[in-house]
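Residue strings, one per chain:
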Amino acid sequence: MVMLHQLPRLHSSIFLTKTPFLYTHFNLLPKPKLPTKTTSTLFSALNSTLSTTSEPIPIPTHNLDIPEETHVPISIEKLFVPPDTDVSSDTTASLSTRILKGSNIVLSKYARDAQVSQADFVKSSVDTQACPSDGLPEFALVGRSNVGKSSLLNSIVRRKKLALTSKKPGKTQCINHFRINDSWYLVDLPGYGYAAAPHELRIDWEKFTKDYFLNRSTLVSVFLLIDASIPAKKIDLEYASWLGENQVPMTLVFTKCDKRKKKKNGGKRPEENVNDFQELIRGFFQTAPPWIMTSSVTNQGRDEILLHMAQLRNYWLKH
Ligand code: GDP
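One structure accompanies this document, and this report is about it. (Residues numbered from 1 in each chain as written. Predicted model: local features only at pLDDT ≥ 70, side-chain atom pairs only at ≥ 80, totals over all residues. Heavy atoms only, no water.)

**Thoughts on the environment of T298**
(1) Moving on: Looking at the secondary structure, you find T298 in the loop between β9 (291–293) and α9 (302–318).
(2) Moving on: Sequence spacing of T298 and K256 is 42 residues, and the spatial spacing of their C-alpha atoms is 9.3 Å.
(3) Moving on: Side-chain polar atoms of T298 contact the backbone nitrogen of Q300, separated by 3.2 Å. (Helix = DSSP H or I, 4+ residues; strand = E, 2+ residues; numbered from the N terminus. Polar contact = N/O pair within 3.5 Å; in protein donor to acceptor, adjacent residues only side chain to side chain.)

The following block contains the structure:
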């Protein structure tokens, strides 16, 4: 077991000056694969214990007793090892130094150019065909309404109000592209699970985002935001499993990890909710998807997300 809280914090500057990596050949972005059980089988099991999308999911009784600090124990088989990265000759100690803090993500030689120096809103598109056609790689941010998506986007680009663009009337149901450093895109997708949204609008939205996930050839990875201050929601589990079933590369971004009041947050700390979520989606993936803990209040995870995006992007550009 590698205890992530014991690891030194990694910064891009460290990464740029050191080359502690093993060099082998990448083939594919590791795409999540469905286990032998299908999504619908597994979800009918979940559905039998749940009636509404807002109910917390019951968790098996294996929960860890996690102390005050951010302690996230992680076993080696639960790490996300990026493509073209060989960890077979690493010792546990050397591997530990390559894991991004508060995540299960191993750094690869592709994690460079992670700084954001420029961020511009480019356009709002009503469907996939209308999206920018310059071929730049992109990452889509998606999550339940109120999960903290706008706050995270602003935190990543270090701008207070960039994401407000996506909240302007008429643009909330659009695919909003922000160009970063003139070389890649952050894409803000409409929030889901908004109870007040009319049924027809929800159906329509589903069609349009699913089409984007399946047909956008420059999409490097979806970043699915999950609120770590509350227990797992059925709708989030469904979303994660749909992405897994359709082999859409996905990173789980846990938000609001600064909210540590157990009582207020349904009796669990963010670390426990993060572990529970992993456990609940494990059946849908052959290998563990990457996940990372963040807070837009403390900026936890901001540099780490950028490094992770950089390594996925640079690998994508080369292959
Ligand atoms: P969106 O609807 O997903 O874009 O969510 P927003 O970014 O607008 O955030 C929704 C609410 O959650 C706001 O009240 C934010 O201040 C709050 N929030 C967002 N991120 C965080 C976070 O990391 N920590 C805490 N404590 N609150 C947050």
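**Here's the deal with the packing of helix α4 (residues 149–157) against α9**
(1) Moving on: Where α4 meets α9, the closest approach of the two axes is 9 Å, and the angle between their N-to-C directions is 80°. With respect to each other, α4 and α9 are oriented roughly perpendicular. For the pair α4 and α9, contact is made by L152, S155 and I156 and by R302, I305 and L306, respectively.
(2) Moving on: Looking at the contact of α4 with α9 residue by residue, the classes come out as four nonpolar, one polar and one charged. (Axes fitted to C-alpha atoms, helices over the stretch in contact; angles between N-to-C directions. Parallel < 35°, antiparallel > 145°, perpendicular 65-115°, else oblique. Contact = heavy atoms within 4.5 Å. Nonpolar A, V, L, I, M, F, W, Y, C, P; charged D, E, K, R; others polar.)

**Overview of the sheet that holds β9**
(1) Moving on: Ordered in space as β3-β5-β6-β4-β7-β8-β9, the seven strands form an open sheet in which the pairing is mixed. Pairing within the sheet leaves two strands with one partner each, and these edge strands are β3 (119–125) and β9. Strand-to-strand twist in this sheet, taken as the mean axis angle between neighbours without regard to direction, amounts to 25°.
(2) Moving on: The pairing of strand β7 (residues 219–227) with strand β8 (residues 250–255) spans six bridges and is classified as parallel. When the sheet's bridge partners are listed, D227 is paired in β8 with T255.
(3) Moving on: Seen against the sheet, α9 touches β4 (138–143), β6 (184–188), β7, β8 and β9 and runs at an angle of roughly 155° to β7. (Pairing = 2+ DSSP bridges.)

**A closer look at the pairing of β4**
(1) Moving on: Along β4, six of the six residues are buried, which leaves the element largely enclosed by surrounding structure.
(2) Moving on: As judged from the four bridges shared by β4 and β6, these two strands associate in the parallel manner. Following the sheet pairing, F139 is matched in β6 by L186.
(3) Moving on: Pairing of β4 with β7 involves six bridges; the strand directions are parallel. What sits directly across from A140, in β7, is V222. (Buried < 20%, exposed > 50% of the residue type's maximum accessible area, 1.4 Å probe, protein only.)

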